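Coordinate inspection notes
Chain by chain, the residues:
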Amino acid sequence: MEFLSYAITPVMLLGAWISGRIIERRHLKNLLLLESGSHGVLAVTIEDLPPDWQVESCELVMGNVVISLDYFKRVAASIKGIFGGNIRVFEPLLERARREALIRMKGVAHAHGYDTIINVRIETAALARGRSDGKGIAGVEILAFGTAISYSKDQRSSGTP
Amino acid sequence: MIISNTQEIPGKTIVEFFGVVTGSTVRAKHIGRDIMAGLKNVIGGELTGYTELLSEARGEAMRRMSYQAESMGANAIVNVRFATSSVAQGAAELFAYGTAVTVE
């Protein structure tokens, strides 16, 4: 029975690596599809509006996503943590999550009838850190939020200066 | 109640300030969701249950914040910020705060 406990770790690592790759591929494909549509919503991080925009209504919109770090990535990161340097396995994961959160935020704005989001902010929070032995739940939440506005351009003020 | 994360409500002017309003909830993870999350923690991917849980909790925190603003007599909250902290293993606090104002 004892060899089982030695065999299970490499099997889990391999399984996690393969499943991580499959999920990543599928998600990237899906993201490209969603972003090309993206509901035509414009999201900007600036707060000040051009003076000729007459805002009719506004609403706080947000999109969030909680991602888990798979077993392979956590082990790879903990090994990398000894030597230091970029933990490259996490970079695409967080990037995907951010894109997903932005798409969800835009989706909410579109569903509520807005086409512009101003003052967009993106926050990252580690929910519960996994234990150092690789067990426990490790998750990261990405939250994107901003103020969705609907506006009309004021013809009088945008005309002759 | 108009809620915005900008300095002022676009297209309106602030006539009165009431000060900071806050709202928070502390949520623990559901056991059924936790089992799925344990599995997802091996294979990777989105923890859908947690995504819903947190957005519900954030909605609750915002409701509490707007209730507080309403009781002060405000009709809008500007410059809303969010903060998330894991207070204990398995529980997270969702916190929303902003400035209660009256706009015209």
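Residues numbered from 1 in each chain as written. Chains lettered and ligands numbered in written order. Predicted model: local features only at pLDDT ≥ 70, side-chain atom pairs only at ≥ 80, totals over all residues. Heavy atoms only, no water.

A tally of regular secondary structure across chain A gives four helices and four strands. Moving toward the C terminus, one meets the helices and strands of chain A in the order α-β-β-α-α-β-β-α. Here chain A holds 161 residues, and the buried ones make up 39% of them. Considering only intrachain contacts with a sequence separation of at least 6, the fraction spanning at least 24 residues in chain A is 81%. Of the accessible surface of chain A, which amounts to about 9,400 Å², a share of 60% is contributed by carbon and sulfur atoms. (Helix = DSSP H or I, 4+ residues; strand = E, 2+ residues; numbered from the N terminus. Buried < 20%, exposed > 50% of the residue type's maximum accessible area, 1.4 Å probe, protein only. Contact = heavy atoms within 4.5 Å. Areas by Shrake-Rupley, 256 points an atom, 1.4 Å probe, with all protein chains shown as cover.)

Here we come to the overall build of chain B. Regarding its fold elements, chain B presents two helices and five strands. Each helix and strand of chain B, ordered N terminal to C terminal, gives the series β-β-α-β-α-β-β. Compactness check: chain B gives a C-alpha radius of gyration of 17 Å against a globular reference of 13 Å for 104 residues, more than 25% above the reference. Considered along the principal axes of its C-alpha atoms, chain B spans approximately 55 × 25 × 15 Å. Here chain B, with 104 residues, has 40% of them falling under the buried criterion. Looking at chain B alone, contacts between residues at least 24 apart form 73% of all its contacts between residues at least 6 apart. By element, 55% of the accessible surface of chain B is carried by carbon and sulfur atoms, the whole surface being about 5,000 Å². If the 9 positive side-chain charges of chain B are averaged to one point and the 10 negative ones to another, these points end up 7 Å apart. (Rg over C-alpha atoms; globule rule 2.2 N^0.38 Å. Lys, Arg positive; Asp, Glu negative; His and termini not counted. Charge placed at Lys NZ, Arg CZ, Asp CG, Glu CD.)

The next thing to look at is the environment of Ala57 of chain B. Residue and element names in this part refer to chain B. Locating Ala57 in the fold gives a position in helix H2 (residues 48–72). Residue Ala57 is classed as buried on the basis of its relative accessible area of 0%. Sequence spacing of Ala57 and Ser24 is 33 residues, and the spatial spacing of their C-alpha atoms is 8.5 Å. Excluding residues that lie within four positions of it along the chain, Ala57 makes contacts with Thr25, Arg27 and Leu94.

This brings us to the pattern of salt bridges. Pairing between side chains becomes possible if they bear opposite charge and their charged atoms approach one another. This structure, assessed with the given rule, holds seven salt bridges over all chains. Across the pair Arg96 of chain A and Glu24 of chain A runs a salt bridge whose closest N-O atoms are separated by 3.7 Å. Highlighted residues: Arg96 of chain A in helix H3 (residues 90–111) and Glu24 of chain A in helix H1 (residues 2–37), separated in sequence by 72 residues. Each member of the pair, Arg96 of chain A together with Glu24 of chain A, is buried. Residue Arg58 of chain B pairs with Glu141 of chain A through a salt bridge whose shortest N-O separation is 2.9 Å. A residue pair is termed interchain when its members come from two chains, as with Arg58 of chain B in helix H2 and Glu141 of chain A in strand E4 (residues 139–153). (Salt bridge = Lys/Arg side-chain N within 4 Å of Asp/Glu carboxyl O.)

A separate point is the interface of chain B and chain A. Contact residues are listed per partner, giving 35 residues for chain B and 41 residues for chain A. Summed over both partners, the interface of chain B with chain A buries about 2,900 Å², with 58% contributed by carbon and sulfur atoms. When the area that chain B buries against chain A is broken down by residue, the three leading residues are Asn5, Asn41 and Phe82 of chain B, summing to 22%. Across the contact surface, chain B and chain A share two salt bridges. For the interface between chain B and chain A, the tally reads ten residue pairs in polar contact (both at pLDDT 80 or more). Elements supplying a minimum of two residues to the side of chain B that touches chain A: strand E1 (2–3), helix H1 (31–43), strand E3 (45–46), H2 and strand E4 (76–88) of chain B. A class-by-class count of the residues in the side of chain B that touches chain A yields 14 nonpolar, 14 polar and seven charged. (Buried area = accessible area lost by both parts, 1.4 Å probe. Polar contact = N/O pair within 3.5 Å; in protein donor to acceptor, adjacent residues only side chain to side chain. Nonpolar A, V, L, I, M, F, W, Y, C, P; charged D, E, K, R; others polar.)

Let us now look at the sheet that holds E4 of chain B. Residue and element names in this part refer to chain B. The four strands are arranged E1-E4-E5-E2 in an open sheet whose pairing can be described as mixed. Where the open sheet ends on each side, the last strands, each with one partner, are E1 and strand E2 (14–28). Relative to E4, E1 is paired through two bridges, and the arrangement is parallel. The residue bridging Ile2 from the neighbouring strand is Ala76, located in E4. (Pairing = 2+ DSSP bridges.)

On to the environment of Ile103 of chain A, then. Residue and element names in this part refer to chain A. Its place among the elements puts Ile103 in helix H3. A relative accessible area of 9% places Ile103 in the buried class. Between the C-alpha atoms of Ile103 and Gly63, which are 40 residues apart in sequence, the distance is 7.6 Å. Here Ile103 is in contact with Leu31, Leu34 and Glu35, once residues within four sequence places are set aside.

So, to be careful, I would describe these as geometric facts and stop short of saying anything about function.
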